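Analysis of the macromolecular model
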Amino acid sequence: MEECRMLIDGKWVKSENTITSINPATEEVIGTIYCASKEQVEEAVNAAEKASRKWSELSLWKRAKYLKNMATLMKGKAEEIKKLITIEMGRPLFESRIEVSETAGMTNDLAEEGKAYLAGETLPIDSSIYPNKISFTIREPVGVVGIIKPWNFPLQLPMWAIAAALLAGNTIVFKPSELTPFVGAEIGKIAQEVELPPGVFNVIHGDGTVGGMLVQSNVDMISFTGSAEVGKKIMQNSANKLHKLSLELGGNDPFIVLPTADTEEAVNAAAWGRFTNCGQVCTSPKRIIVLEEIADTFVDNLVKKVSQLKIGNGLDPATDIGPMVSSDQRNKLISQVEDAAKLGATIKLGGKVPPNLAKGYFYEPTIITNVNKKMKVVNEEVFGPVATIITARTTEEAVEIANNTRYGLGASIWTQNLDDIMNLMQKIEAGMIWINEINTAYTNGPWGGVKESGMGRELGREGVLEYTTLKHINVDYGKNKTRPWWFPYKKE
Ligand code: NAD
């Protein structure tokens with residue numbers, strides 16, 4: 001059995017407290033994970049603090065070079081990493097390969113493009129009041145960033161934050177999800193192999209308790225991606241330290257299909273968008289809202305398409321849909337579908353654990369219609385292979401349904417009509433809108449949500465600036481200065 005240690009101050013360390021990592025397709029134990037004690041969390045934060053000044057003073061170009069080397073190494077290890085992702089969290093190898101190559105590409109691009117994002121600005125100043133003055137801003141690193149991430153894109157999501165934070169001159173204590181610690185540790189190995197100085201990048205393991213300790217520690221910022229519930233706890237728990245926070249939280253994204261859409265493409269997009277990664281994607285179309293007049297055809301075609309998907313172990317190249325990540329996640333999904341059935345929904349496809357797959361946390365790709373607002377499949381985030389279809393009478397009603405959620409992460413709109421595009425993209429409450437597209441992310445495109453989907457952005461200029469603080473500099477270069485507002489005051 002393999003073991004997964006923590007990287008603290010450049011050394012791979014063990015601990016007393018251990019958990020196991022499970023392959024969700026076979027329920028076999030992958031290995032033992034050493035989880036951090038409170039002292040080890042503090043050690044990691046102290047190591048990051050100690051390494052902070054030197055790292056922030058290193059030339060930006062040199063920091064970018066480390067990232068480029070990490071990207072190259074990631075590409076070189078792609079086969080190994082993609083297998084690890086599939087074994088640890090279940091996604092099909094095809095998807096894992098894309099995750100690795102996209103992440104390497106983004107890390108490389110960020111190292112190139114991100115340098116320019118760190119520019120400050122020179123500010124106009126009223127020279128009649130302030131002669132001989134220049135006022136400008138510079139960007140500085142926040143300090144030590146605690147990075148806490150989920151399991152659903154175990155390489156990509158951490159690296160969005162890690163690459164931006166390192167580039168901006170921060171040092172890091174990273175806690176991967178307890179469900180994907182081996183992939184998290186792999187990032188630590190890559191950091192070591194490119195010879196990042198000890199302490200610049202630390203990895204600690206554990207569940208929410210360890211995450212909580214990191215939140216309560218002396219880090220300067222927490223970069224969190226995960227559920228809204230945990231995001232709220234983090235905000236509360238970091239209040240006494242006033243940490244800077246970036247919170248990328250859950251979603252209940254609408255996917256609106258109007259009669260003017262290319263419906264064949266919309267069906268294909270809904271099938272891939274909803275069922276890729278076994279439906280465990282923050283921006284997957286969780287509520288598919290279809291206009292009444294095309295609803296029956298849309299549902300029939302979606303059922304046809306999804307019925308053809310092959311469910312199985314992600315290591316089998318024929319697999320389209322792997323297992324869910326854990327039995328807890330599957331149990332939650334089962335209770336959401338049961339609730340819908342009890343309240344009168346129609347299960348058009350699936351709706352159960354596949355009888356032929358006794359081992360593994362599999363769940364049949366499921367399509368549900370005849371739903372209403374009281375059902376959990378509508379008002380909760382459904383993080384699994386379940387497509388919930390809601391029918392709307394008019395475009396206005398579709399918008400109303402789309403916005404009737406506490407979340408506001410992404411939204412996808414399907415129509416060829418320009419007026420509808422312009423109208424809906426403004427009315428939908430979301431941080432990201434895809435028009436005739438679904439689930440794409442670019443290195444230079446800001447990623448994040450509104451409402452309870454969080455605050456702050458990853459990727460893009462905003463995503464890099466998230467890991468900086470702004471310093472305003474005032475310079476007075478004149479001689480023989482007088483300032484009428486200094487002492488002595490004029491006696492009037
Ligand atoms: P989660 O909130 O349960 O856990 C996320 C991370 O937080 C894990 O590392 C976990 O160990 C840690 N954690 C748990 N309790 C904690 C606490 N009290 N203090 C500090 N850390 C704690 O989420 P998950 O199940 O890992 O991921 C699924 C969720 O993530 C979904 O809601 C999904 O929508 C969301 N997500 C959002 C985005 C985005 O970009 N907005 C991307 C991916 C996933």
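Values in this document were obtained by computation on a predicted structure and should not be read as measured data.

1. Focus on the site of the ligand
Around the ligand sit 31 residues in total, of which Lys149, Glu178, Ser227, Leu249 and Glu381 are the nearest. Gly226 is positioned such that a nitrogen or oxygen atom in its backbone is 3.4 Å from an oxygen atom of the ligand. The separation between a nitrogen atom of the ligand and a polar main-chain atom of Leu249 is 2.7 Å. Within the complex, 90% of the 850 Å² of free accessible area of the ligand lies under protein. Among the cavities detected, the one that contains the ligand is the largest pocket. Elements with a contribution of two residues or more to the shell around the ligand: helix 7 (208–215), strand 11 (221–225) and helix 8 (228–237). A class-by-class count of the residues in the shell around the ligand yields 13 nonpolar, 11 polar and 7 charged.

2. Describing the nonpolar core
Ranked by size, the top nonpolar core spans 54 residues in total, and within it Phe255, Val257, Ile288, Phe298, Leu302, Ile367 and Ile428 carry the most contacts. Beyond its immediate stretch of four places on either side in the chain, Ile367 contacts Phe275, Leu302, Val303, Val306, Thr346, Ile347, Lys348, Leu349, Ala387 and Ile389. The next biggest cluster of nonpolar side chains, apart from the first, holds 49 residues, and it includes Leu166, Ile172, Phe174 and Leu196.

3. Description of the domain arrangement of the protein chain
It is common to give the size of an interface as the accessible area that goes away when the parts come together. One can read the domain layout of the protein chain as domain 1 (2–249 + 453–473) and domain 2 (254–435). Relative to domain 2, the C-alpha centre of domain 1 lies at a distance of 31 Å. Taken residue by residue, the interface counts 24 residues in domain 1 and 28 residues in domain 2. Both sides of the domain 1 and domain 2 interface together cover about 2,100 Å² of buried area, and 56% of this is carbon and sulfur. Taken as a group, Glu27, Trp151 and Ser453 account for 25% of the area that domain 1 buries against domain 2, more than any other trio of residues on that side. Our count for the contact surface shared by domain 1 and domain 2 stands at 1 salt bridge. At the surface where domain 1 touches domain 2, the tally comes to 11 residue pairs in polar contact (both at pLDDT 80 or more). Those elements that provide at least two residues to the side of domain 1 that touches domain 2 are helix 3 (78–89), helix 4 (93–117) and helix 8. A per-element tally of the side of domain 1 that touches domain 2 places helix 3 first, with 4 residues.

Calculation criteria
- For every chain, the first residue of the written sequence is number 1, and numbering continues from 1 onward in sequence order.
- Local features in a predicted model are, by the rule used here, given only for residues with pLDDT of at least 70; side-chain atom pairs are given and counted only at 80 or more, and totals for whole chains, interfaces and linings are based on all residues.
- The side-chain figures draw on all heavy atoms in the structure; neither hydrogens nor water molecules are used.
- If even one non-hydrogen atom of a residue comes within 4 Å of a molecule or strand, that residue is called near it.
- Any N or O atom pair separated by 3.5 Å or less is treated as a polar contact, with the protein-specific requirement of one donor-capable and one acceptor-capable atom, and with residues adjacent in sequence counted only for side-chain atom pairs.
- Each accessible area is a Shrake-Rupley result for a 1.4 Å probe, and residues are judged covered by the shown protein chains and nothing else.
- In the cavity and pocket records, a cavity denotes points on a 1 Å grid over the protein atoms alone where a 1.4 Å probe fits but cannot get out, a pocket denotes an open set with protein on both sides within 12 Å along at least 5 of 7 lines, and lining residues are residues with an atom within 4 Å of a point.
- Think of it this way: if more than half of a molecule's atoms are within 2 Å of a pocket's grid points, that molecule is in the pocket or cavity.
- Secondary structure counts use DSSP, requiring at least four H or I residues in a row for a helix and at least two E residues in a row for a strand, with both numbered from the N terminus.
- Gly falls in the polar group here, along with every residue not listed as nonpolar (Ala, Val, Leu, Ile, Met, Phe, Trp, Tyr, Cys, Pro) or charged (Asp, Glu, Lys, Arg).
- For the purposes of this section, nonpolar cores are sets of buried Ala, Val, Leu, Ile, Met, Phe, Trp, Tyr and Cys residues that join through side-chain atoms within 4.5 Å.
- Note on exposure labels: buried denotes an accessible area under 20% of the residue type's maximum, exposed denotes more than 50%, and partly exposed covers the range between, all computed with a 1.4 Å probe on protein chains only.
- Contacts are residue-level and defined by heavy atoms, with any inter-residue pair within 4.5 Å sufficient.
- Note: domain ranges come from an automatic or database domain assignment.
- By convention, the term buried area covers the 1.4 Å-probe accessible surface removed from two parts as they join, with the contributions of both added.
- Salt bridges are defined by distance alone: a side-chain nitrogen of Lys or Arg within 4 Å of a carboxyl oxygen of Asp or Glu.

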